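Read off the chains here:
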Amino acid sequence: MRKTVIAGNWKMNMTPAKTAEFIKALAPIVAGKDKCDIVLCVPAIDIPAAVEAAKGTNIKIGAENVHFKASGAYTGEISAEMLTEAGVEYVVIGHSERRQYFGETDKTVNLRTLAALNAGLKAIVCVGETLEERELGYTETLLKYQTKMALTNVTAEQMKNVIVAYEPVWAIGTGVTATAEQADEGNGYVRAAIAEAFGADVAEATTVQYGGSMNDKNAAELLAKTNVDGGLIGGASLKTDAFTAIVDAANA
Ligand code: 13P
């Protein structure tokens, strides 16, 4: 069966000092809650503090982006090797904020995914439609397209290290959560795209998360859906209580 993965995406929040403090407080509370994998994806500068604080705990550390080249003249970018050497295990790729504000395209999402997988990282690949695309009736088409584009040239074997996160853009940071039915449907489109590209067995084994205003109140209902295998959590991952409640919902 596929693994439930509860991952925080801190975005541009928390300093190194706050990172250490947060993880030290969280670790004893989530210890032993092993029905899900627990991941915190943190800003690059916070990675050393996060890795150090998470040592010996069941919290795994992720980054929020990775460059597709191994090295070179790419000012401001971070390579997969830099991440693995620093102790990072996961990386978020293609978040809608990167697509919206930093020129990320389906092509660069694919290249970053390949670089991450080839370096042994687990990729959390984000897809999602805007409100306009949903209202025009393109949700299924778009989710399938984004999923297939992101996973081009990925092997079936590498799919073991891929998580896809369905994050409807209209639900991110807005307080508007997709209904459990909408989340299940969107995740189902992602799974269908994986089945078309890699076959039913790979699709059944791939963790597909939901993200977008998931919190302590709605997590249980979302996670109860067949196609929702975890969450990618922004705002609520910055609060120990809320994040713990989501982990608890995944362990119920
Ligand atoms: P919020 O949980 O703050 O809506 O953010 C979701 C998200 O973008 C996670 O990657």
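Coordinates for the structure precede this section.
In this numbering scheme, every chain counts its residues from 1 along its sequence in written order. Side-chain atom pairs in this predicted model are given and counted only at pLDDT of 80 or more, local residue features only at pLDDT of at least 70, and totals for whole chains, interfaces and linings cover all residues. Hydrogens and waters are ignored; side-chain quantities use all the structure's heavy atoms.

1. Some points on unusual backbone geometry
Even without a glycine there, the phi angle at M14 is positive, about 80°. Exposure classes here rest on a 1.4 Å probe applied to the protein chains alone. A residue is buried below 20% of its type maximum, exposed above 50%, and partly exposed in between. Here M14 falls in the partly exposed class, since its relative accessible area comes to 21%.

2. What to know about the environment of N187
Put simply, DSSP H or I for four residues or longer makes a helix, DSSP E for two residues or longer makes a strand, and each gets a number counted from the N terminus. Inspection of the secondary structure assignment puts N187 in helix α8 (residues 180-198). Counting along the chain gives 184 residues from N187 to K3, while the straight-line C-alpha distance between them is 15 Å. Contacts of N187, omitting those with residues within four sequence positions, involve Y166, V208, Q209, Y210, N227, V228 and D229. Contact between two residues is taken to exist if any of their heavy atoms lie within 4.5 Å; hydrogens are not considered.

3. Here we look at the site of the ligand
For this purpose, a residue is taken to be near a molecule or strand whenever a single non-hydrogen atom of the residue falls within 4 Å of it. The immediate surroundings of the ligand are formed by N9, K11, H95, E167, A171, I172, G173, G212, S213, L232, G234 and G235. One nitrogen or oxygen atom from the side chain of H95 is found 2.7 Å from an oxygen atom belonging to the ligand. Under this definition, polar contacts are N or O atom pairs within 3.5 Å; protein pairs additionally need one hydrogen-donor-capable and one acceptor-capable atom, and for neighbouring residues in sequence, both atoms have to be side-chain atoms. Between the ligand and G234 there is a distance of 2.9 Å, counted from an oxygen atom to a backbone nitrogen or oxygen. Contact with the protein chains covers 95% of the free accessible surface of the ligand, which is 310 Å². Every accessible area reported is derived by Shrake-Rupley at a probe size of 1.4 Å, with residue values counting cover from the shown protein chains alone.

4. Some thoughts on the packing of helix α5 (residues 106-118) against helix α7 (residues 139-150)
Here, axes are lines fitted to C-alpha atoms. For helices the fit covers the stretch in contact, and angles between N-to-C directions go from 0 to 180 degrees. Taken N-terminus to C-terminus, the directions of α5 and α7 make an angle of 45°; their axes are 8 Å apart at the nearest point. Between α5 and α7, the crossing angle belongs to the class labelled oblique. On α7, the residues touching D106, V109, N110 and T113 of α5 are Y145, Q146, M149 and A150. Residues are grouped as follows: nonpolar covers Ala, Val, Leu, Ile, Met, Phe, Trp, Tyr, Cys and Pro; charged covers Asp, Glu, Lys and Arg; every other residue, Gly included, is treated as polar. Class assignment of the residues belonging to the contact of α5 with α7 gives a composition of 4 nonpolar, 3 polar and 1 charged. Angles below 35 degrees are treated as roughly parallel, those above 145 as roughly antiparallel, those between 65 and 115 as roughly perpendicular, and all remaining angles as oblique.

5. Remarks on the side chain of T244
Within the element layout of this structure, T244 appears in helix α11 (residues 240-251). Judged by its relative accessible area of 8%, T244 is buried. There is a polar contact of 2.6 Å between the side chain of T244 and the backbone oxygen of T240. Those residues in contact with T244 that sit more than four places away from it in its chain are L26, I29, V30 and K33.

6. With respect to the packing of helix α1 (residues 16-30) against helix α2 (residues 47-54)
At a minimum axis separation of 8 Å, α1 and α2 run at an interaxial angle of 20°. By the angle between their axes, α1 is roughly parallel relative to α2. α1 and α2 meet at a crossing whose hand is right-handed. Seen from α1, the contacting residues are P16, T19, A20, I23 and K24; seen from α2, they are A49, A50, A53 and A54. The residue makeup of the contact of α1 with α2, split by class, is 7 nonpolar, 1 polar and 1 charged. Should the near helix be turned counterclockwise from the far one by less than a right angle, the crossing is left-handed, whereas a clockwise turn marks it as right-handed.

7. Description of the pattern of salt bridges
Salt bridge, as used here: a side-chain nitrogen of Lys or Arg that lies within 4 Å of a carboxyl oxygen of Asp or Glu. Within this structure, the stated rule accounts for 18 salt bridges. Here R112 makes a salt bridge to E77, at a shortest N to O gap of 3.4 Å. Taken together, the residues R112 in helix α5 and E77 in the loop between β3 (59-63) and α3 (80-85) connect sequence positions 35 residues apart. Residue E77 is classed as partly exposed on the basis of its relative accessible area of 30%. Among the salt bridges present, the one from R134 reaches E129, with a minimum N-O distance of 2.8 Å. Comparing R134 with E129 shows no difference in burial state: the two are buried. Salt bridges sharing common partners tie together R2, R191, E204 and D229.

8. Remarks on the packing of aromatic side chains
In this scheme Phe, Tyr and Trp rings, the latter by its six-membered ring, pair at centre separations within 6.5 Å, and the angle between planes marks the pair as stacked below 30 degrees, edge-to-face above 60, and tilted otherwise. According to the stated counting rule, one finds 3 aromatic pairs in the structure shown. Aromatic pair Y101 and F102: ring centres 6.3 Å apart, planes at 85°, arrangement edge-to-face. Both residues of the pair, Y101 and F102, belong to the exposed class. Their ring planes at 65° and their centres at 6.3 Å tell us that Y166 and Y210 sit as a pair that is edge-to-face. Of this pair, Y166 sits in strand β6 (residues 162-166) while Y210 is found in strand β7 (residues 207-211), placing the two residues 44 residues apart along the sequence. Summarising the burial analysis for this pair, Y166 and Y210 share the class buried. The ring of Y90 carries K122 above its face, with NZ or CZ at 5.6 Å from the centroid. In our convention, an over-ring charge means Lys NZ or Arg CZ found within 6 Å of a ring centre and within 35 degrees of that ring's normal.

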